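Summary of structural features
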Amino acid sequence: MLPLFRKTYLLWLLVLSSCSQNGPAGLFKKVSPHEQYAANLRDAGLLQTALGRDWLAAAEKSLQSPLTVSIPYKETGYFPASQAMATAFRFQAARGSKISIDFSKKPSKDFTVYIDLWEDQEGHDKRLLAYADTNGTPFHHEVDDDTFYILRLQPELLSAGEYTLTITSGPSLAFPVAGGKMQSFWGAARDAGARQHEGIDIFAPKGTPTLAVADGLVRRVGTNNLGGKVVFLRPEKKDVSIYYAHLDTQLVAVGQTVKTGDTLGLVGNTGNARGGNPHLHFGIYGNGGALDPFHFINPAVKKPAEVSSQLGALGKAYRTSSAGKLLVSPSRSAASVATLDANTFVRILSASSSWYKVALPDGLTGYIGSGNVRALNKSLNNYRVTAESRLLDDPDDSRGSKKKLLPGDNLQILARFQGYMYVRSGELDGWVNTTKAAGL
């Protein structure tokens, strides 16, 4: 990009960044920062330019072709200023869990990245669920459906920087018995198989306080044959009811408001638990009936693997050291996106644990092991041009060229992709059509 052209765009982007978030796009509905930025691009006429169109196309492509990860997940990546880019991750989450997104960036200023969370339910259009503010503040989302989700990252135009993304999943409710141990989980047989357990039993000494798992309203305090002494809690802003059963003592009244951690009653063995070990039967009921409480309250939050791949490779061109697979996910059992020959040109986009996410020259992205790449600091061999040809910006004859190559010119071969060689000619690096350079 020419310096003057770049400066012109930067002036336009200063105008965009100063536009009010309460402008025309926000008159009738609340919009995400990403949507507001796209509206500002449109209002400034930049969507009619190649760079603006590339930015929108990158946003849409990332949603349609996300890479698959398992949470917890952590990666450190790099967005260059030289091209419009976006990246997206598809993962599965269970109802009742809470997704937490943590994002840090370098530089902390003048590097804006838009972060959106989408629901990707089979048979339905993708639905925007939540988004981060542009300050990079961590945000959370409580999962309402057992389905897939997509997290998209996209920087502003001409914005470059490094980022670290962490996605974790934990409970959306507090644990109901301090020091209690979960046993007899959802679906376990009851009454010789006549029915199934619709909750989780949490064992603790008799008299242990049972706690409110959320701020809410006590809807019922009573007794029944199975549950004995029971309490029903309706959490604020949630479409579920919480059921506490087998209590020894009830310590709240109908209509009482409680805060998370308040004592509702004491662990006992009333109802059909009479004569057994004291425990709390903990149940959750939604509009469709009983729900598995496990993901709502499971206190164990797994940490993602730390990034062990070298971060000095981020944003740089490398080549594969051996033939291998480009994978859709950072897992050796993942599906293959493409088969790569040895010495294939790749650009390192991000690092996660012992993997690199890379892009091929045609834009295809995927994961390869970090041990299967080599820097382009040594040539594979030399090549003598035998026919007049061009040193190209990309492995595509329709793209621009950096210089004319003449018969007898010597080239250092650094990497390959399909029918092209990535070479060094003097102080310039670029692509050469192997067939044309050889005069075939």
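For clarity, every value in this text was computed on a predicted model and none was experimentally measured.

1. What to know about the sheet that holds strand S3 (residues 87–93)
Sheet strands associate in pairs through backbone hydrogen bonding, adopting either a parallel or an antiparallel arrangement. Judged by pairing direction, the sheet is mixed, and its five strands sit side by side in the order S1-S3-S8-S5-S6 without closing on themselves. Of all strands in the sheet, those bounded by a partner on one side alone are strand S1 (67–68) and strand S6 (127–131). Where strand S5 (residues 113–120) lies against S6, four bridges are found, and the strand directions are antiparallel. The partner of Asp-116 across the bridge, within S6, is Tyr-131.

2. Observations concerning the pattern of salt bridges
What the rule picks out here adds up to 14 salt bridges. Arg-152 is the partner of Asp-116 in a salt bridge, and the nearest nitrogen-oxygen pair spans 2.8 Å. Of this pair, Asp-116 sits in strand S5 while Arg-152 sits in strand S8 (residues 147–155); the two residues are 36 residues apart in sequence, bridging distant segments of the chain. A relative accessible area of 2% means that Asp-116 is categorised as buried. Using a relative accessible area of 5% as the deciding quantity, one classes Arg-152 as buried. Of the charged contacts, one joins Asp-429 and Arg-424 as a salt bridge, the two residues approaching to 2.7 Å between their closest N and O atoms.

3. What about empty space enclosed by the protein?
Inspection of every chain in the model, using the stated rule, returns one cavity of 30 Å³ or more. Around the largest cavity, the lining residues are Trp-55, Pro-80, Ala-81, Gln-83, Ala-84, Met-85, Pro-155, Glu-156, Leu-157, Leu-158 and Ser-159. For the lining of the largest cavity, the residue count by class is eight nonpolar, two polar and one charged.

4. Here's the deal with the nonpolar core
Ile-99, Ile-115, Leu-151, Leu-153 and Leu-165 are the most contacted members of the largest nonpolar core, which has 31 residues in total. Listing elements by their share of this core, those giving two or more residues are strand S2 (73–79), S3, strand S4 (97–106), S5, S8, strand S9 (161–171) and strand S26 (355–359). For Leu-153, the contacting residues outside a window of four places in its chain are Phe-79, Ala-86, Thr-87, Phe-89, Phe-103, Val-113, Tyr-114, Ile-115, Tyr-163 and Leu-165. Counting residues in each nonpolar core, the second largest holds 26 residues, with Met-182, Ala-212, Val-231 and Phe-296 among its members.

5. A closer look at the packing of helix H2 (residues 33–43) against helix H3 (residues 50–64)
It is the contact of H2 with H3, at a shortest axis distance of 11 Å, that shows an interaxial angle of 155°. As the angle between them shows, H2 and H3 are arranged roughly antiparallel. Judged by the twist between their axes, the crossing of H2 over H3 is left-handed. Together, His-34, Tyr-37, Ala-38 and Leu-41 of H2 and Trp-55, Leu-56 and Ala-59 of H3 make up the contact between the two elements. Class assignment for the residues of the contact of H2 with H3 results in six nonpolar, one polar and no charged.

6. Some words on the confidence of the model for the chain
Note that predicted coordinates carrying low pLDDT should not be read in detail. Confidence in the prediction for the chain averages 90 pLDDT; 91% of positions are at 70 or higher. Ignoring residues within four places in sequence, the model shows residues 1–8, a span with pLDDT below 50, making five contacts including any to other chains. Here residues 14–28 scores under 50 on pLDDT; set against residues more than four positions off or in separate chains, the count is twelve contacts.

7. Observations regarding the layout of surface pockets
Estimates place the volume of the largest pocket at around 1,700 Å³. Along the walls of the largest pocket sit 49 residues, with Gln-83, Ala-84, Met-85, Pro-361 and Gly-363 positioned nearest its centre. Listing elements by their share of the lining of the largest pocket, those giving two or more residues are helix H1 (3–17), H3, S2, S3, strand S25 (345–352), S26 and strand S34 (428–433). For the lining of the largest pocket, the element with the highest residue contribution is H3, accounting for seven residues.

8. Considering the environment of Gly-275
For Gly-275, the position within the fold is in the loop between strand S19 (263–267) and strand S20 (279–286). When the C-alpha atoms of Gly-275 and Ala-387 are compared, they prove to be 93 Å apart, with 112 residues separating the residues in sequence.

9. A closer look at the pairing of S26
For S26, the tally of buried residues reaches five of five residues, placing the bulk of the element in the interior. Of the two faces of S26, the one holding Trp-355, Lys-357 and Ala-359 and the one holding Tyr-356 and Val-358 are both buried throughout. As defined by bridge partners, S25 adjoins S26 across five bridges and the pair is classed as antiparallel. In the sheet register, Ser-350 faces S26, and the bridge partner there is Lys-357. Two elements, S26 and strand S27 (residues 365–369), share five bridges in a ladder whose sense is antiparallel. Paired with Val-358 across the two strands is Gly-366, which belongs to S27. Joining the antiparallel neighbours S26 and S27 is a turn of five residues, in which Gly-363 adopts a positive phi near 95°.

10. Structural notes on the packing of aromatic side chains
Geometrically, a pair of aromatic rings is defined through the distance of the ring centres and the angle of the planes. Summed over all chains, the structure comprises twelve aromatic pairs. Centroid distance Tyr-37 to Tyr-114: 5.3 Å. Interplanar angle 35°. Geometry classified as tilted. Linking Tyr-37 in helix H2 with Tyr-114 in strand S5, this pair joins segments that are 77 residues apart in sequence. In this structure, Tyr-37 and Tyr-114 share a single accessibility class: buried. Centroid distance Phe-345 to Trp-431: 5.1 Å. Interplanar angle 65°. Geometry classified as edge-to-face. Of this pair, Phe-345 sits in strand S25 while Trp-431 sits in strand S34; the two residues are 86 residues apart in sequence, bridging distant segments of the chain. In this structure an aromatic cluster arises from ring pairing among Tyr-37, Trp-55 and Tyr-114.

Conventions we followed
Residues numbered from 1 in each chain as written. Predicted model: local features only at pLDDT ≥ 70, side-chain atom pairs only at ≥ 80, totals over all residues. Heavy atoms only, no water. Pairing = 2+ DSSP bridges. Helix = DSSP H or I, 4+ residues; strand = E, 2+ residues; numbered from the N terminus. Salt bridge = Lys/Arg side-chain N within 4 Å of Asp/Glu carboxyl O. Buried < 20%, exposed > 50% of the residue type's maximum accessible area, 1.4 Å probe, protein only. 1 Å grid on protein atoms, 1.4 Å probe; cavity = no way out; pocket = protein on both sides within 12 Å on 5 of 7 lines; lining within 4 Å. Points joined across faces, edges and corners; volume = space filled by probe spheres on them. Nonpolar A, V, L, I, M, F, W, Y, C, P; charged D, E, K, R; others polar. Core = buried A, V, L, I, M, F, W, Y, C linked by side-chain atoms within 4.5 Å. Contact = heavy atoms within 4.5 Å. Axes fitted to C-alpha atoms, helices over the stretch in contact; angles between N-to-C directions. Parallel < 35°, antiparallel > 145°, perpendicular 65-115°, else oblique. Left-handed = near helix turned anticlockwise from the far one by under 90°. pLDDT = per-residue confidence, 0-100. Phe/Tyr/Trp six-rings, centres within 6.5 Å; stacked < 30°, edge-to-face > 60°.

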